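Given next are the chains, with one letter for each unit.
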Amino acid sequence: MFDIQAFIYQFAILAVPVLAAITFHEVAHGYAAFVLGDSTAKNAGRLTLNPIKHLDPIGALALFIVKIGWAKPVPINPQNFKNPQKGLMISSVAGPVCNFILAIIFAIIFHGLIVVFGTSSSENVINIVKPIMKMCQAGVIVNIGLGVFNLLPVPPLDGSNILAGLLPPELAEKFMQNSKYGFIVLILLLLTGTIQKVIVPVIYGLASMLVPL
C-alpha cells in the first residue's frame, strides 16, 4: 500500500539537494562561459539561482528516483570563445566540478552536525537535526550522481564536450557531427539499465567516502 507520509518525508529530504544540484550545475556552466567571453547564458537570464529557470521535469524526477538525472541546459555559443573547442570543454567541466564541491560541502555540514549535536540527549534537538543530516546525506549522493552521470561521454551530456575538447580538432569535429544521435543512445542505455549498472556503484562508492550510507 502506498505510504503518503513516507513519500512526503522523502520528497522533503530530497527537494533541497536536488534543486541545489541542478541550479548550481547550470549556473556553473553559464558563469564559466561568461568568464571565457560568451554572454549567451547571461543574456538568457540563466545566471540565476532561481531553480525554476534550470528545472527539467524528467531529469529532476530521475534525480529523485535513481539519483542520476539532468537539468535544462544553459545556452552556450562556442563561437564567442577565443578557442571554441577548449572554451566549450572548460564551461562543460564546470558543472560536474561544482556538483562535486557541493557534495563535499554537504558532507562537511553532516560531520559538523555530528560534532556539535552528536552527544545531545534532547529529543527535540534530535528530531530537528536528524532530518537535516539525512538531507546532507542525500545532498552528497545527488550531487555526486549528477556530476558522475554528466561526465559520461555521450551527447548531450557534459562528458561529450569534455572528450571533444581533449581530441584533436579533426576527430572532435567528427565526434560532434554524430552528436544528434547521442540522445537516442542515452535513452536506450537508461531504459536497458546499462548506465545504472555501471555508474550507480561508482556514485555510492564515492558518496560512502564522504558520509556513512
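Preceding this section is the structure that the text describes.
Everything numeric in this text was worked out from a predicted model, so none of it was measured.

Chemist: Would you mind showing me how to read the side chain of aspartate 38 here?
Modeler: On the secondary structure map, aspartate 38 appears in the loop between helix H1 (4–35) and helix H2 (40–43). Arginine 46 provides the closest opposite charge to the buried, salt-bridge-free aspartate 38, at an N-O distance of 12 Å.

Chemist: I would appreciate a short explanation of the packing of H1 against helix H3 (residues 57–66) in the present structure.
Modeler: Each pair of packed helices can be described by the angle between their axes along with the distance between the axes. For the pair H1 and H3, interaxial distance at closest approach is 10 Å and the crossing angle is 130°. Here H3 runs oblique to H1, going by the angle between their axes. Pair H1 / H3 crosses with right-handed handedness. Contacts between H1 and H3 involve Phe11, Leu14, Ala15, Val18 and Ile22 on the former and, on the latter, Ala60, Leu63 and Phe64. Classifying every residue of the contact of H1 with H3 gives eight nonpolar, no polar and no charged.

Chemist: Quick question: what am I supposed to make of unusual backbone geometry here?
Modeler: Most peptide bonds adopt trans geometry, and most residues besides glycine take a negative phi value. Residue proline 156 is bonded to the preceding proline 155 through a cis peptide linkage, with omega at 10°. Within the element layout of this structure, proline 156 appears in the loop between helix H5 (123–150) and helix H6 (158–166).

How each quantity is defined
Residues numbered from 1 in each chain as written. Predicted model: local features only at pLDDT ≥ 70, side-chain atom pairs only at ≥ 80, totals over all residues. Heavy atoms only, no water. Helix = DSSP H or I, 4+ residues; strand = E, 2+ residues; numbered from the N terminus. Buried < 20%, exposed > 50% of the residue type's maximum accessible area, 1.4 Å probe, protein only. Lys, Arg positive; Asp, Glu negative; His and termini not counted. Salt bridge = Lys/Arg side-chain N within 4 Å of Asp/Glu carboxyl O. Axes fitted to C-alpha atoms, helices over the stretch in contact; angles between N-to-C directions. Parallel < 35°, antiparallel > 145°, perpendicular 65-115°, else oblique. Left-handed = near helix turned anticlockwise from the far one by under 90°. Contact = heavy atoms within 4.5 Å. Nonpolar A, V, L, I, M, F, W, Y, C, P; charged D, E, K, R; others polar.

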